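# Analysis of the macromolecular model
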Amino acid sequence: MSGAARRLHSRLGSATGIPPISTLVCCRFSPPATEVADASLKEEVDSSSLIVQDRDLLRRSAKGLRILDLIDGGAVVPDLSTYSDLVRLCTHSKRLDEARLVHAHFLRSNFAPDLFFGNSIVNMFCKCGGMDDARRVFDAMPLRDMVTWTALITGYAQNDGPEKAIALFPKMLSAGLKPNQFTCASLLKAAGAFPENVLGRLIHAFCIKCGCDSSVYVGSSLLDMYARHGITEEARMVFESLPSKNEVSWNALIAGFARKGDPEGALESFREMQRVDLEASHYTYSSMFSACARIGSLEQGKWVHAHLVKSGCKLTAFLGNTLLDMYAKSGSIDDAKKIFERLQRRDVVSWNSMLAGCAQHGLGREAVCRLEDMIRNGIRPNEITFLCVLTACSRSGLLNEGQHYFRLMEEYGITPQVEHYATMVDLLGRAGLLERAECLIREMPIAPTAAVWGALLGACRMHRNVELGKYAAERTFELDPHDPGPHMLLCNLYASTGRWDDVANVRKKMKEFGVKKEPACSWVEVENSVHVFVADDDSHPQREEIHRMWEEVNEKVKELGYVPNADHVLLFMDEQEREIKLQNHSERIALAFALLNTPPSAPIHIKKNIRVCGDCHSAFKLVSKAVNREIVVRDTNRFHHFSHGTCSCGDYW
C-alpha cells in the first residue's frame, strides 16, 4: 500500500465499511467543505473518485498533480513515504515535469530531507534527464555519501555529459570517499565518449588498484570503452578475463566489432554467445545488423535476420530501423521497403532510413513521394530528412524539387548546415549550372568546407570546365591538403581534356606532399567468403577461368553493340593499350568471378572502393542483358542496379 493510500485510508476510518485499501481501486469521498482549500478542489473531491493506487499517483490536474492538490486541500495527510512513492514513480517513468512538481512541493512541506531521500531526489532527476536540477539538489545537500556522488556521475555519463562526470571524480576522492563498482562503471562509460583512450586507460588502472576490475559491471564497461575506441584486441582480453559474462558484456563485445567494421569478429562472437545459451537481445541484433551494413554484407545480414525471426524477438521500431538500414546499404532496397511497411510504428528515424535508402539507390521520385507521405502522417522532418531528400534529388537530376525542399527547410525552422549546401552545390553542378553553384558557395552564411568545394570540382570534372575546376581544386587543397580524392579529380579533369603536362604536375605535387591514392579494388561475397580483386589481378587461384569467362562475356556484349570508350583510361598511352587496360578493371574481374561461382538466377552484388568506371558502367548494362542476370554495384557514391540492358541511375551519375 502506498503512503498516500495509507493516509487516505486512515482519514476515512474503519467505521465507513470501506474494504482494505490494497484491494480498493477507487472510492468516493466527500470531506467537509471546511477541509477543502478552495471551491474548485471541493468540486473535484465531491464529484470525482479518488484514485489511490500507485499507478494513479502521477495523475495530472489543472494545477499540477491531483495527489498534491488533495494534500494542499487537506484531503490527504502526507508523510515521508508519500513523497518517496512519488519520487520512485517519477524515477521509473522518467517524467521530468512531474518530478519537478513533486520536488517543489516537498520543499514547501514541513519534512526535512535526510541523506537517503536527498540521494533519491538526485537519482530521480538524473534518470529523468534533468541534470541541472540534479546538480542544484546535489550542491544544496549538507551531507553527501558515495551514493550521492555515484548518482550524479552516472547521470552525467548517461545524459551526454562525460566531461562533467569525469570532473566530479577527483572531487569525490578529495572528499575522502572511495568509488564502488558502479562509480567506476559510469566513469568508464564517460571515458568512452572521449576521442582519445588515455583517460580510459587511467581509470582502468584505478579500477585495478581498487580491486573492482573483475566485477561484471566494471568489466562490461571496460570492454565497451575499449571497443568504442576501436581497440578490439584489448576489449577481447578484458572480456576473456571476466569471471562471469552476461548479456551486457557479450553485447558490448559484439558492438565493438560492429563499430570497427569487423563483421567476422561480430559474427563469431554472436555464435559463441549462442553456444553458451545466452539469448540475443534487441541490442545484440541491432549491433549485428550495423556490422553487416558497414560492409554491405547481404548474405550475412540475411542469416542474422533469419535468426531474429526464429528467436521470436519482436521487431521494435529501434530494431526495425537498423534492419531496414542494413538491407538498404547491402543493396536490397526491395527488402528494405518490405521491412519499412512491416513496422508497426514509424518514427522519424524510420522515415529517414527509408529516404536514405532511396537516395543511395537513385530513387529520387520515390524519395520525394515518401517525404510527402511522411508529412501527411504527421511526422515532422528534421535536418537529416532534408539532407536525404536533397541527396536523392541530386542523384536523380530533380533540380526543381531539390530547390523546393531546400527552401522548405526554413518553414520548418531548420537552418541549412554545410552538408545541405554541399548537396545543393552537387545538385546544381550535375545539372550543368556551374555558375549558380559557385554563386551559392559565395553566398553561404557559413564558411564552405572542402566537401563543398569538392562537390563543385566533381561537377567541373563531369562538364569539363577546367578553369573553374582548377579554382575549386585549389580551395579544396587549402582546406584538406591530404585528401587524395580532389587531387585525382583534378588529374582526371586535366586528362579528359588532354592536358597531360598538368596531370604530371598534379601527380608530382601529390608525391611531394605524401598524398597517396587509394588503390582501386572491387570485392564480391560468395558463400560467406569475400573475394577482393584489383586491376590486372592475376593472383586468384581461378585466374585462368576468370580470364576466359570475361573473354566470353566481352564477345557477347560486343555483339549487342558495346564499343570500348578509351577516354575513361586517363593515362598517356595509345588507343590499343587503353582498351586492354579497360578490360582488366577490378569490377570486371569481380563480375567474371561471380558469374563463375554463383547460381545462374541469383543477383550479383559487387562493391567498389571508388567510383565505378564509366566504360564499365556501359559494359555492365549490356552484360546484364547478355547473361540475363541482375548486377548490383555499390561504389562510394551510390548503388547501380543493372538489369535487362539498363541501369537504375538512368545514366545520370
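None of these values were measured; they are calculated from a predicted model.

The helix and strand tally for the protein stands at 33 helices and eight strands. Burial status across the protein gives 50% buried among its 653 residues. Taking the intrachain contacts of the protein between residues at least 6 apart in sequence as the baseline, contacts between residues at least 24 apart amount to 63%. Carbon and sulfur atoms provide 52% of the accessible area of the protein, an area that totals close to 31100 Å².

Time to look at the packing of aromatic side chains. Scanning all chains against the criterion turns up 16 aromatic pairs. On the numbers, 6.0 Å between centres and 70 degrees between planes, the contact of Tyr 83 with Phe 111 is edge-to-face. Of the two residues, Tyr 83 sits in helix H4 (residues 80-93) while Phe 111 sits in the loop between helix H5 (96-108) and helix H6 (115-127), which places them 28 residues apart along the sequence. Overall, the relative accessible area of 31% leaves Phe 111 in the partly exposed class. By way of ring pairs, the aromatic residues Tyr 83, Phe 106, Phe 111 and Phe 117 are connected into one cluster. Its end group placed over the ring of Phe 138, Arg 144 keeps NZ or CZ at 4.4 Å from the ring centre. For the cation-ring pair, Arg 271 lies above Trp 303, with the distance from its terminal atom to the ring centre recorded as 5.1 Å.

Our next topic: helix H22 (residues 383-396). Helix length check: H22 (14 residues) gives 20 Å between terminal C-alpha atoms against 20 Å at 1.5 Å per residue, within 8%. Most of H22 is tucked away: 10 of the 14 residues are buried. Buried within H22 are the following residues: Thr 385, Phe 386, Cys 388, Val 389, Leu 390, Thr 391, Ala 392, Cys 393, Ser 394 and Arg 395. Buried residues along H22 sit in contact with helix H20 (348-360), helix H21 (364-376), helix H23 (399-411) and helix H24 (418-430). Capping of H22 at its N-terminal end is provided by Asn 382; its side-chain oxygen lies 3.1 Å from the backbone amide nitrogen of Ile 384. Positive phi shows up at Gly 397, right after H22, with a value of about 75 degrees.

A cluster of like negative charges, contributed by Glu 551, Glu 552, Glu 555 and Glu 559, occupies part of the molecular surface. For Glu 551, the position within the fold is in helix H30 (residues 543-559).

So, on to the packing of helix H18 (residues 317-329) against H20. Close contact between H18 and H20 brings their axes to 9 Å; oriented N to C, the two are set at 0 degrees. When the axes of H18 and H20 are compared, the pair comes out roughly parallel. Mapping the contact onto sequence places Asn 321, Leu 324, Ala 328 and Lys 329 in H18 and Val 349, Ser 350, Ser 353, Met 354, Gly 357 and Gln 360 in H20. For the contact of H18 with H20, the class distribution of residues is four nonpolar, five polar and one charged.

For residues other than glycine, phi is negative in most cases, and the peptide bonds are mostly trans. One non-glycine residue with positive phi stands out, namely Asp 160, at about 60 degrees. Along the chain, Asp 160 falls in the loop between helix H8 (146-158) and helix H9 (162-174). For Asp 160, a relative accessible area of 75% translates into the label exposed.

Okay, the UniProt feature "repeat: PPR" (unreviewed entry) in the protein next. When the UniProt feature table is mapped onto this chain, "repeat: PPR" (unreviewed entry) is found at residues 79-113, 145-179, 246-280, 281-315, 316-346, 347-381 and 382-416. A distance of 11 Å separates the end C-alpha atoms of residues 246-280, which is 74% helix and 0% strand. Taken end to end, residues 382-416 comprises 77% helix and 0% strand; its first and last C-alpha atoms sit 11 Å apart.

Turning our attention to the pairing of strand E7 (residues 639-643). Within E7, four of the five residues are buried, leaving the element largely enclosed by the surrounding structure. Bridge count between E7 and strand E8 (residues 646-647): two bridges; the pairing is antiparallel. Pairing of Phe 642 across the sheet is with Cys 647, part of E8. In textbook terms, the turn of a hairpin is the stretch between consecutive antiparallel strands, and for E7 and E8 this stretch comprises two residues, one of which, His 644, has a positive phi near 55 degrees.

Looking now at the pairing of strand E6 (residues 631-634). Residue alternation in E6 divides its side chains into two sets, Ile 631 and Val 633 and Val 632 and Arg 634, and both sets are buried. With four bridges joining them, strand E5 (residues 604-608) and E6 adopt parallel strand pairing. Opposite Lys 607, over in E6, you have Arg 634 as the bridge partner. A crossover links E5 with its parallel partner E6, the connecting element being helix H33 (residues 614-626), and its sense is right-handed. As judged from the four bridges shared by E6 and E7, these two strands associate in the antiparallel manner. The residue of E7 that forms the bridge with Ile 631 is Phe 642. Between E6 and the antiparallel strand that follows it, E7, lie four residues.

Conventions adopted
- Residues numbered from 1 in each chain as written.
- Predicted model: local features only at pLDDT ≥ 70, side-chain atom pairs only at ≥ 80, totals over all residues.
- Heavy atoms only, no water.
- Helix = DSSP H or I, 4+ residues; strand = E, 2+ residues; numbered from the N terminus.
- Buried < 20%, exposed > 50% of the residue type's maximum accessible area, 1.4 Å probe, protein only.
- Contact = heavy atoms within 4.5 Å.
- Areas by Shrake-Rupley, 256 points an atom, 1.4 Å probe, with all protein chains shown as cover.
- Phe/Tyr/Trp six-rings, centres within 6.5 Å; stacked < 30°, edge-to-face > 60°.
- Lys NZ or Arg CZ within 6 Å of the ring centre and 35° of its normal.
- Expected span 1.5 Å × (residues − 1).
- Polar contact = N/O pair within 3.5 Å; in protein donor to acceptor, adjacent residues only side chain to side chain.
- Patch = residues over 30% accessible without salt bridge, like charges linked within 9 Å, V, L, I, M, F, W, Y side chains within 5 Å.
- Salt bridge = Lys/Arg side-chain N within 4 Å of Asp/Glu carboxyl O.
- Lys, Arg positive; Asp, Glu negative; His and termini not counted.
- Charge placed at Lys NZ, Arg CZ, Asp CG, Glu CD.
- Axes fitted to C-alpha atoms, helices over the stretch in contact; angles between N-to-C directions.
- Parallel < 35°, antiparallel > 145°, perpendicular 65-115°, else oblique.
- Nonpolar A, V, L, I, M, F, W, Y, C, P; charged D, E, K, R; others polar.
- UniProt positions renumbered as here; feature names shortened; annotations may be inferred.
- Pairing = 2+ DSSP bridges.
- Right-handed = clockwise from strand over helix to strand, strands pointing away.

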